Amino acid sequence: MDNIYDLIIIGAGPGGLAAGLYGARAKMKTLVLEKEKMGGQIVSTSEVENYPGSVENATGPSLTKRFTEQAEKFGAEIKMANVKEVNFDGKIKEVVCDNETYKAKSIVIATGASPKKIGCPGEKEFTGKGVSYCATCDADFFEDFEVIVVGGGDSALEEAIYLTKFARKVYLVHRRDTFKACNTVIENTKANDKIEMWLNKEIIEIKGDGILESVVLKDTVTGETSEYFADEDDGTMGVFIFIGFNPQTELFKDKVELRNGYIVTDEEMRTNIDGVFAAGDVREKSLRQVVTAAADGAIAAVNAEKYINENF
Ligand code: NAP
């Protein structure tokens, strides 16, 4: 069984990399597969203040680098590969990628979640030309410009505060007049005089001629619409959208039990399929944070080891 891994982890966010660290450190032959970018959602996070023990000014990318190096130090193999299909039917599981098929005794699914889209006209057209889902990646394009941030959760409010370091003015568009974000973040947002809140509003269209020039807003209470144009001297503005996430479970439909699109596990991170575990934001859970994803990854890898010892 030389070419068979003990553990294959699909996804290299905090959950997947923590599983990689625990798997490799337990001397399991461990492979982490990532299709896009190491770190998952945290690479889009400008500051990570609430991960216990993180160094001052820790950013998503810097934390990802440390997660990755630590997993590799203990021997986890990390490969960039797009998983096309999985087969969990037999005792040996198969993970089919574009160029190769990998086999393993156990699997941890840690594919995370991807940013939700508003779905309005112009959003797709202007993505990368004014519309962004990542302040860390794109904030500096809007140095001294105006930007609009959409959403009322922790992500939107935290990133709105971060964007004030770059933008001249930040307008926060939220469809209600109360927030999902925690109280401290709400207070900090309200106290920031570069942020103006446009409450009970939603964006129904994003317009421009090649570059983003205006947004059409609808009042969610009165139904009235209005159009906000970029300052004439600026010519454009940024629209940063942080309205939640969709679980990345397309590959696992009909393979493991899902609820509302998320993977159902028990406290040991076991799915309904023997030898298949899940960790991080892809899992049905109440608190989606770096610390909970990392904890899930550790639990999943430890239980994968137990499963292998008992079954092989
Ligand atoms: P979230 O908490 O689900 O909030 C999404 C926000 O977007 C809500 O205010 C929602 O409005 C709004 N929204 C959803 N769909 C919309 C649409 N189609 N058009 C306009 N607005 C829409 O998502 P999140 O802020 O990304 O946070 C996700 C999880 O990560 C949360 O558990 C959060 O606490 C956590 N998080 C934590 C931190 C931290 O602790 N440092 C940082 C970031 C995120 P409604 O309120 O009207 O539903």
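Keep in mind the model is a prediction, meaning the values are calculated, not measured. (Residues numbered from 1 in each chain as written. Predicted model: local features only at pLDDT ≥ 70, side-chain atom pairs only at ≥ 80, totals over all residues. Heavy atoms only, no water.)

Participant: Teacher, can you tell me more about the packing of aromatic side chains here?
Facilitator: Here the distance between the centres and the angle between the planes together describe a pair of aromatic rings. Evaluated as defined, the whole model comprises 10 aromatic pairs. Ring centres of Y51 and F67 lie 5.8 Å apart, and the angle between their planes is 45°; this geometry places the pair in the tilted category. Of this pair, Y51 sits in the loop between β2 (30-34) and α2 (60-73) while F67 sits in helix α2, and the two are 16 residues apart along the sequence. You'll find Y51 and F67 in the same group, each marked buried. Between Y307 and F312 the ring centres are 6.2 Å apart and the planes differ by 75°, which places this aromatic pair in the edge-to-face class. (Phe/Tyr/Trp six-rings, centres within 6.5 Å; stacked < 30°, edge-to-face > 60°. Helix = DSSP H or I, 4+ residues; strand = E, 2+ residues; numbered from the N terminus. Buried < 20%, exposed > 50% of the residue type's maximum accessible area, 1.4 Å probe, protein only.)

Participant: How do you make sense of the site of the ligand when you look at a structure like this?
Facilitator: In the neighbourhood of the ligand, 17 residues make up the surrounding shell, with N50, D154, S155, R176 and Q289 lying closest. N50 is positioned such that a nitrogen or oxygen atom in its side chain is 2.9 Å from an oxygen atom of the ligand. The separation between an oxygen atom of the ligand and a polar main-chain atom of G152 is 3.1 Å. For the ligand, whose free accessible area comes to 910 Å², the fraction covered by protein is 76%. No other element matches the 3 residues that helix α4 (residues 154-163) contributes to the shell around the ligand. (Near = heavy atom within 4 Å. Polar contact = N/O pair within 3.5 Å; in protein donor to acceptor, adjacent residues only side chain to side chain. Areas by Shrake-Rupley, 256 points an atom, 1.4 Å probe, with all protein chains shown as cover.)

Participant: Got a minute to help me understand the domain arrangement of the chain in this structure?
Facilitator: A common way to report how large an interface is uses the accessible area buried once the components associate. According to the domain assignment, the chain consists of domain 1 (5-114 + 245-311) and domain 2 (131-241). Between domain 1 and domain 2, the C-alpha centre-to-centre distance is 33 Å. In this complex, domain 1 contributes 6 residues to the contact, which on the side of domain 2 involves 7 residues. (Domains from an automatic or database assignment. Contact = heavy atoms within 4.5 Å.)

Participant: Can you walk me through the sheet that holds strand β13 (residues 211-219) in this structure?
Facilitator: Adjacent strands of a sheet form backbone hydrogen bonds with each other and so pair up, either parallel or antiparallel. Across the sheet, 3 strands lie side by side as β12-β13-β14; this open sheet has antiparallel pairing. Edge strands, defined here as strands with exactly one partner in the open sheet, are β12 (201-209) and β14 (225-229). Averaged over all neighbouring strand pairs, the angle between strand axes comes to 25°, with direction disregarded. Sheet analysis places β12 next to β13, joined by 8 bridges and oriented antiparallel. The residue bridging K207 from the neighbouring strand is S214, located in β13. (Pairing = 2+ DSSP bridges. Axes fitted to C-alpha atoms, helices over the stretch in contact; angles between N-to-C directions.)

Participant: I keep staring at the side chain of S214 and nothing clicks. Help me out?
Facilitator: Within the secondary structure, S214 sits in strand β13. A relative accessible area of 3% means that S214 is categorised as buried. At 2.7 Å, the side chain of S214 forms a polar contact with the side chain of E227. Sequence-distant contacts of S214, that is, excluding residues within four places in its chain, are made with E205, I206, K207, E227, Y228, F229 and M237.

Participant: When you look at the side chain of T292 in this model, what are you seeing that I'm missing?
Facilitator: Relative to the helices and strands, T292 resides in helix α6 (residues 290-311). For T292, a relative accessible area of 18% translates into the label buried. Within polar-contact distance, the side chain of T292 engages the backbone oxygen of L287 at 2.8 Å.

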